[in-house]
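Spelled out, the chains give:
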Amino acid sequence: MSNKNLHDLTTQVRRDILRMVHKVNSGHPGGSLGCTEFLVTLYTNIMNRKEGFDMDGIDEDLFFLSNGHISPVFYSVLAHSGYFPVKELNTFRLLNSRLQGHPTTHEGLPGVRIASGSLGQGLSVAIGAAQTKKLNNDSNLIYSLLGDGELQEGQNWEAIMYASAKKVDNLIATIDLNGKQIDGATDDVLPMGSIKGKFEAFDWTVIEIENGNDIEAILEGMATAKAATGKGKPVCVLLKTMMGNGVDFMMHTHAWHGKAPNDDQLENALNQNPETLGDY
Amino acid sequence: MKTYTYTEKKDTRSGFGAGLTELGRTNPNVVALCADLIGSLKMNQFIEENPERFFQIGIAEANMMSIAAGLTIGGKIPFTGTFANFSTGRVYDQIRQSIAYSDKNVKICASHAGLTLGEDGATHQILEDIGLMKMLPGMVVINTCDYNQTKAATIAIADYEGPVYLRFGRPAVPVFTPEDQVFEIGKAIQLQEGSDVTIVATGHLVWEALEAAKVLHEQGISAEVINIHTIKPLDDKAILDSVAKTGCIVTAEEHNHLGGLGESVARVLALHHPTPQEFVATNDTFGESGTPAQLMEKYGLNSDSIVEKTLKVIKRK
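Parameters at a glance
Residues numbered from 1 in each chain as written. Chains lettered and ligands numbered in written order. Predicted model: local features only at pLDDT ≥ 70, side-chain atom pairs only at ≥ 80, totals over all residues. Helix = DSSP H or I, 4+ residues; strand = E, 2+ residues; numbered from the N terminus. Rg over C-alpha atoms; globule rule 2.2 N^0.38 Å. Buried ≥ 20, exposed ≤ 12 C-beta atoms within 10 Å, placed from the backbone. Contact = placed C-beta atoms within 7 Å. Nonpolar A, V, L, I, M, F, W, Y, C, P; charged D, E, K, R; others polar. Pairing = 2+ DSSP bridges. Axes fitted to C-alpha atoms, helices over the stretch in contact; angles between N-to-C directions. Domains from an automatic or database assignment. Expected span 1.5 Å × (residues − 1). Parallel < 35°, antiparallel > 145°, perpendicular 65-115°, else oblique. Left-handed = near helix turned anticlockwise from the far one by under 90°. Right-handed = clockwise from strand over helix to strand, strands pointing away.

A. Quick peek at the overall build of chain B. Each helix and strand in chain B was counted, giving 13 helices and 14 strands. For 317 residues, the compact-globule formula gives about 20 Å, and the C-alpha radius of gyration of chain B, at 19 Å, lands near that figure. For the C-alpha atoms alone, the extent of chain B along its principal axes is close to 60 × 40 × 35 Å. Within the span of chain B, comprising 317 residues, buried residues form 61% of the whole.

B. Representation of the interface of chain A and chain B within the structure. Of the residues lining the interface, 28 residues belong to chain A; the matching set on chain B comes to 23 residues. When residues in the side of chain A that touches chain B are grouped by element, the largest group, 10 residues, is from helix α5 (residues 122-135) of chain A. Here the residues of the side of chain A that touches chain B are counted per class, giving 12 nonpolar, 12 polar and 4 charged.

C. View of the sheet that holds strand β4 (residues 77-83) of chain B. Residues and elements named next belong to chain B. Spatially, β3-β2-β4-β5-β7-β6-β12 is the arrangement adopted by the 7 strands of the open sheet, whose pairing is mixed. Single-partner strands in this sheet number two, and they are β3 (54-56) and β12 (230-232). Averaged over neighbouring strand pairs, the angle between their axes works out to 20° when direction is ignored. Note that strand β6 (residues 140-143) and strand β7 (residues 164-167) share 4 bridges and pair parallel. Note on β7: the bridge partner recorded for Asn 143 is Arg 167.

D. Molecular detail of the domain arrangement of chain B. All names here are of chain B. By domain assignment, chain B separates into domain 1 (9-174) and domain 2 (189-315). When each unit is reduced to the centre of its C-alpha atoms, the spacing between domain 1 and domain 2 is 25 Å. Elements with a contribution of two residues or more to the side of domain 1 that touches domain 2: α7 (129-134), β6, α8 (147-158) and β8 (172-174). Of the residues forming the side of domain 1 that touches domain 2, the biggest block, 4 residues, is contributed by β6. Looking at side-chain class alone, the side of domain 1 that touches domain 2 contains 14 nonpolar, 10 polar and 4 charged residues.

E. Quick look at the sheet that holds strand β1 (residues 62-65) of chain A. Residues and elements named next belong to chain A. If you trace the 5 strands from one edge of the open sheet to the other, you get β1-β2-β3-β7-β6, paired in parallel fashion. Strand pairing shows two members of the sheet lacking a second neighbour, β1 and β6 (205-209), which therefore form its edges. Ignoring which end each strand starts from, the neighbouring axes of this sheet average 20° apart.

F. Helix α1 (residues 12-26) of chain B, seen in detail. All names here are of chain B. When the terminal C-alpha atoms of α1 are compared, their 21 Å separation across 15 residues agrees well with the 21 Å that a helix rising 1.5 Å per residue should span. For α1, the tally of buried residues reaches 11 of 15 residues, placing the bulk of the element in the interior. Listed as buried for α1 are Thr 12, Arg 13, Gly 15, Phe 16, Gly 17, Ala 18, Gly 19, Leu 20, Thr 21, Leu 23 and Gly 24.

G. Highlighting α8 of chain B. Residues and elements named next belong to chain B. Taking 1.5 Å per residue, 12 residues should reach 16 Å; α8 reaches 18 Å between its end C-alpha atoms and fits that length. Of all 12 residues that make up α8, 10 are buried, and the element is covered over most of its length. The set of residues buried in α8 consists of Tyr 147, Asn 148, Gln 149, Thr 150, Lys 151, Ala 152, Ala 153, Thr 154, Ile 157 and Ala 158.

H. Geometry of the environment of His 229 of chain B. Residue and element names in this part refer to chain B. If you trace the backbone, His 229 turns up in the loop between β11 (223-227) and β12. Each C-alpha atom of the pair His 229 and Ile 108 lies 16 Å from the other, and the pair is 121 residues apart in sequence. Apart from the residues within four sequence positions on either side, His 229 is in contact with Ile 142, Asn 143, Thr 144, Cys 145, Gln 149, Ala 153 and Thr 202.

I. Geometry of the packing of helix α1 (residues 3-24) of chain A against helix α3 (residues 36-46) of chain A. Residue and element names in this part refer to chain A. Here α1 crosses α3 at 125°, and the two axes come no closer than 9 Å. In terms of orientation, α1 lies oblique with respect to α3. Along this stretch, α1 crosses α3, giving a crossing that reads as right-handed. Counted together, Leu 6, Leu 9, Thr 10, Val 13 and Arg 14 of α1 and Thr 36, Glu 37, Val 40, Thr 41 and Thr 44 of α3 form the full contact between these two elements. When the residues that make up the contact of α1 with α3 are grouped by side-chain class, the tally is 4 nonpolar, 4 polar and 2 charged.

J. View of the pairing of strand β13 (residues 249-256) of chain B. Residue and element names in this part refer to chain B. Where burial is concerned, most of β13 is hidden: 8 out of the 8 residues are buried. Where strand β10 (residues 197-201) meets β13, 4 bridges bridge the pair, whose relative direction is parallel. Each residue of the ladder has a partner; that of Val 200, found in β13, is Thr 251. For β13 and strand β14 (residues 277-282), the ladder comprises 5 bridges, and the chain directions are parallel. From the neighbouring strand, Thr 251 faces β14, where its bridge partner is Phe 279. Taken together, β13, helix α11 (residues 261-272) and β14 form a β-α-β motif whose crossover is right-handed.

K. Seen up close, unusual backbone geometry. Going from Lys 232 of chain B to Pro 233 of chain B, the amide bond is cis rather than trans, its omega being 0°. Relative to the helices and strands, Pro 233 of chain B resides in the loop between β12 and α10 (236-246). The phi torsion at Asn 25 of chain A lies on the positive side, around 50°, for a residue other than glycine. With respect to the secondary-structure elements, Asn 25 of chain A resides in the loop between α1 and α2 (29-34). Positive phi values are uncommon outside glycine, yet Lys 42 of chain B reaches one of about 60°. Summarising the element assignment, Lys 42 of chain B is placed in the loop between α2 (38-41) and α3 (44-49). We classify Lys 42 of chain B as buried; it has 22 C-beta atoms within 10 Å.

Structure below.
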């Protein structure tokens, strides 16, 4: 996909996120907006994906979302990638919907391979899927996305230790480094020191994307990450993002982690992101 | 009255090990994971024959459960091995979200369940695991009674699509079920036919129930003994057919009376055929250090207790 089309899709996904959470007055727009460029680029230009969906995902790259609360961006990107009708985004968080508050396989939504929401489990799941790829002699890659606050969950460090010890080198785990969590800045809630230093100490290859909201930078950084796979070490991408990116009043604050805009705020936010591909 | 004998005692965990070894030879999709308890779980032979299909996780059970969920994606059938306490309570949320809610085909194989773990004491003697696991939607819960049944169950669950909790134990117990049995998930097995009382037992208490039936027979009491190896889904029909004849029931298990087999049976009876019931189970307590036999006696989990509860329940008819 060309850069112009990537930008158009990114803007449309932003509108989807804002309209989804506004409609049900709940959900997590902040982290969703911060990861929009990344997930759009991942699904359109980076991952090797097959047409259609089956759970086993043989002969294609797979993605696991660990920080499941950013489901609005995940659902919008999946829909625009053809896994289910875009108009189904209208059912987000409603009774009897396949688009649950947090992603699940339980309702049979194509594109989702694991439930997530309770934090800290997705990296382990991704490692398991990566090891099955190796057993199946399937040279495709496993991608996963974790929040930075999520790294406070201890299971991640079990997984990080295991992945390097077992040379799980067909895995690219991206950390959304937005520096924020529900209760405030990660440095105030529980300072984690150098996340880069920690991953390197656990013998991972670390690649930094300084502007994780810039499509060019994401394309370049993920190409570097891909080139680093298959060399005996798991690969970590530190993606520095802006929570609430693209909506001025949602940026530079943790306030929109899990809060929906009201009618006026939605109008303001949508005006900053004019319709490109058409609203659902 | 049928006679049950045995020529040897073996631990049920060795039945698991033997079943896993056979699966390694017959089912290329079976993989195994362990959190630093290979010897205790008797997984050595499988590992020797299939090193590429074994994952040593280290002492990190949460990671093990979620990795197992991931391994299913691409068609593998993971069998996780650790003690029952670390297979359930320690990793409940990982099982709940990544395995049960995500509908993953993981077999959680749990050794050293209950008091018969013995001297290690209450930190390791989980008596709540059946309850924890049966409450998870879609989870099959199995507690086997001897070496042969555990081996057969291990082989059978590989052919079942969906999450399974398989519970077994540490001590050597009589081997009395047939070597060539076919294990049917959810199908109770009638071991003795009787008319005065139904004794429904699971796990290590099944042999104790047979011993109790002999004592009761000498007292002129005809006990029907049923081996319930699958606690979920429960064989409702077998229980209801039996109590329709006998009019009273004793349940026996190496587990807390809250959340175990007894409660599942009580629910079936309350819904369909209210019947006097007595419980052979622990009484909402933790265990302690001791030999398995000492502990089973102190906490009332042996044939003497089954006889006592039987005499009590018959009077309530």
